[in-house]
Amino acid sequence: MKKAIELTEQADTKGIQIQIAWRIDGKEITRVEWIREGRVPLQTIGAKIEYCSYRVRTIYGVLGIKIWIFIDEE
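Rules behind the numbers
- Residues numbered from 1 in each chain as written.
- Predicted model: local features only at pLDDT ≥ 70, side-chain atom pairs only at ≥ 80, totals over all residues.
- Heavy atoms only, no water.
- Helix = DSSP H or I, 4+ residues; strand = E, 2+ residues; numbered from the N terminus.
- Rg over C-alpha atoms; globule rule 2.2 N^0.38 Å.
- Buried < 20%, exposed > 50% of the residue type's maximum accessible area, 1.4 Å probe, protein only.
- Pairing = 2+ DSSP bridges.
- Axes fitted to C-alpha atoms, helices over the stretch in contact; angles between N-to-C directions.
- Contact = heavy atoms within 4.5 Å.
- pLDDT = per-residue confidence, 0-100.
- Core = buried A, V, L, I, M, F, W, Y, C linked by side-chain atoms within 4.5 Å.

> Just to check I follow, could you spell out the overall build of the chain for this structure?
Counting its secondary structure elements, the chain contains 1 helix and 4 strands. For the chain, the α and β elements follow one another from N to C terminus as α-β-β-β-β. Relative to the globule expectation of 11 Å for 74 residues, the C-alpha radius of gyration of the chain, 14 Å, shows a markedly less compact shape. Seen through its C-alpha atoms, the chain measures out along the principal axes to roughly 45 × 25 × 15 Å. A buried classification covers 20% of the 74 residues belonging to the chain.

Next comes the structure, spelled out in structure tokens:
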């Protein structure tokens, strides 16, 4: 997550938010970690925000990764 934040800072963005959620060995207990750098105004309609979501299967379980990148306000 820290490496992704470093790369977006070089790309001249206003902010980034990354969230990773997972279940270990298919158990009912889930874990969620997130980190934000800069501003990410999700409630502002005029904000240009890029969003993507990925599902990654590992031998230990499934990871869900969500990324919000705040580019600029109109």
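> Explain the pairing of strand 1 (residues 15–23) to me, please; I cannot follow it from the model alone.
Where a strand is regular, its side chains alternate between the two sheet faces. Where strand 1 lies against strand 2 (residues 30–38), 9 bridges are found, and the strand directions are antiparallel. Bridge pairing in strand 2 links Gln19 to Trp34. Here strand 1 pairs with strand 4 (residues 62–73) via 8 bridges, running antiparallel. Across the sheet, residue Ile20 finds its bridge partner in strand 4, namely Ile65.

> Would you explain the sheet that holds strand 4 in this entry?
Within a sheet, each strand pairs with its neighbour through backbone hydrogen bonds, oriented either parallel or antiparallel. Read from one edge of the open sheet, 4 strands run 2-1-4-3, paired in antiparallel fashion. Looking at which strands have only one partner, the edges of the open sheet turn out to be strand 2 and strand 3 (47–57). Put simply, the sheet's adjacent strands are angled 10° from each other on average, direction ignored. Here helix 1 (residues 2–10) sits on the sheet in contact with strand 1, strand 2 and strand 4, set at roughly 160° to strand 1.

> Would you take a moment to explain the confidence of the model for the chain for this structure?
Do not read the predicted coordinates in detail wherever pLDDT is low. When the pLDDT values of the chain are averaged, the result is 87; 97% of them are 70 or greater. Of all the helices and strands in the chain, helix 1 carries the lowest mean pLDDT, 82, while strand 3 carries the highest, 92.

> Please explain the environment of Tyr60 as it appears in this structure.
Inspection of the secondary structure puts Tyr60 in the loop between strand 3 and strand 4. Considered as a pair, Tyr60 and Ile35 are 25 residues apart in the sequence and their alpha carbons are 23 Å apart. For Tyr60, the residues in contact, after removing those within four places along its chain, are Arg23, Ile24 and Asp25.

> So what exactly am I meant to see when it comes to the nonpolar core here?
One recurring pattern in soluble globular proteins is that nonpolar side chains are buried together. Ile5, Ile16, Ile18, Ile20, Trp22 and Ile67 form the largest nonpolar core, which has 6 residues in total. Tallying contributions element by element places strand 1 first for this core, with 4 residues. In this structure Ile5 touches Ile16, Ile18, Ile35 and Glu37, once residues within four positions along its chain are discounted.

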